Amino acid sequence: MTPAGGRPPGGIFHVGISGARGRMGRAVSTVLDAREDVVVAARFDRGESPDLSLCDVIIDFSTPDHSVELARACAARGGPALVIGSTGLTPDQDAALLKAADSVAIVRSGNFSLGVNILIGLVEHAAQRLDARDWDIEVLETHHRRKADAPSGTALMLGEAAANGRGEDLADVRGKPYDGITGERETGRIGFASLRAGGVIGEHTVLFASDDETLTLSHSAIDRSLFAKGAVAAAAWVRGRKPGLYDMQDVLGFRQA
């Protein structure tokens, strides 16, 4: 398994950057340029046609439409592999990526932070082992004042991991926000709480609590470059993999690839 730092077992590999002029594309470029084991073979944006044969893997932070178009093009020629960070795909676009993954290896994730994805794996494993009749689960998240949605997408990923660990669908066990006279906490529910303040990049905590003890698993983002570093680690891992749709849990070894 490639370690979390993303260093492949040997040799230089060639990476293309899709969405290269965007904020994440520029961040990925900075991370790649600092590595001695990588050649950036192509930088491109929507409407541009790169030579896909130059690349072992392409890291894509663009738009849903462009991500699907790129995945289809890579699938048609059997490569290169893809790392896709575009969000907001429709069900039809999700289906198109799944079909492309029949012919090419794709890592797709809504959050490429290595720490967050390790946290997701730990939360699922903890939830498997802590009986829902005895242990409550609460997901707490804090973000900057400009964030418009709550709970955050990452908080929901953590909630889904906890629900999966219990063999449940999050939609069936998600608790309502605590406000006013709510009555006693319902057994087996997974609760969420959100804070918005200042310039906080992102803080996530999952609290497991019984009558006798508490277990707290948490992650704090310090620099936005962590997302680019995680995408590069995924690129190092996915090159040469057999076709399939993977995520960061595969990259980090929480499930068999």
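Below is a summary of the structure that appears in this document. Just so you know, these numbers come straight off a predicted model, no measurement behind them.

**Brief notes about the overall build of the protein**
Turning to step 1, where the next piece is worked out: Along its length, the protein carries eight helices and 10 strands.
Turning to step 2, where the next piece is worked out: Radius of gyration (C-alpha) of the protein: 19 Å, near the 18 Å computed for a compact globule of 257 residues.
Turning to step 3, where the next piece is worked out: If one aligns the C-alpha atoms of the protein with their principal axes, the spans along those axes are about 60 × 40 × 35 Å.
Turning to step 4, where the next piece is worked out: When burial is assessed residue by residue, the protein has 47% of its 257 residues classed as buried.

**A closer look at the sheet that holds strand S1 (residues 13-18)**
Turning to step 1, where the next piece is worked out: Strand order across the open sheet formed by six strands is S2-S1-S3-S4-S5-S10, with parallel pairing between neighbours. The open sheet is flanked by strand S2 (38-44) and strand S10 (244-246), the only strands paired with a single partner. This sheet shows a mean twist of 20 degrees between the axes of neighbouring strands, independent of strand direction.
Turning to step 2, where the next piece is worked out: Looking at chain direction, strand S4 (residues 81-84) and strand S5 (residues 105-108) are connected through three bridges and run parallel. In the sheet register, Leu82 faces S5, and the bridge partner there is Ile106.

**What to know about helix H5 (residues 153-165)**
Turning to step 1, where the next piece is worked out: For H5, with 13 residues, the first-to-last C-alpha span of 18 Å sits near the 18 Å given by 1.5 Å per residue.
Turning to step 2, where the next piece is worked out: For H5, the set of buried residues is Thr154, Ala155, Leu158, Gly159, Ala161, Ala162, Ala163 and Gly165.
Turning to step 3, where the next piece is worked out: Buried residues along H5 sit in contact with helix H4 (114-129), strand S6 (136-143), helix H6 (170-173), strand S7 (190-196) and strand S8 (203-209).
Turning to step 4, where the next piece is worked out: One or two positions beyond H5, positive phi appears at Gly167, with a value near 70 degrees.

How each quantity is defined
- Residues numbered from 1 in each chain as written.
- Predicted model: local features only at pLDDT ≥ 70, side-chain atom pairs only at ≥ 80, totals over all residues.
- Heavy atoms only, no water.
- Helix = DSSP H or I, 4+ residues; strand = E, 2+ residues; numbered from the N terminus.
- Rg over C-alpha atoms; globule rule 2.2 N^0.38 Å.
- Buried < 20%, exposed > 50% of the residue type's maximum accessible area, 1.4 Å probe, protein only.
- Pairing = 2+ DSSP bridges.
- Axes fitted to C-alpha atoms, helices over the stretch in contact; angles between N-to-C directions.
- Expected span 1.5 Å × (residues − 1).
- Contact = heavy atoms within 4.5 Å.

All quantities given are derived from atomic positions and should not be read as evidence of function.
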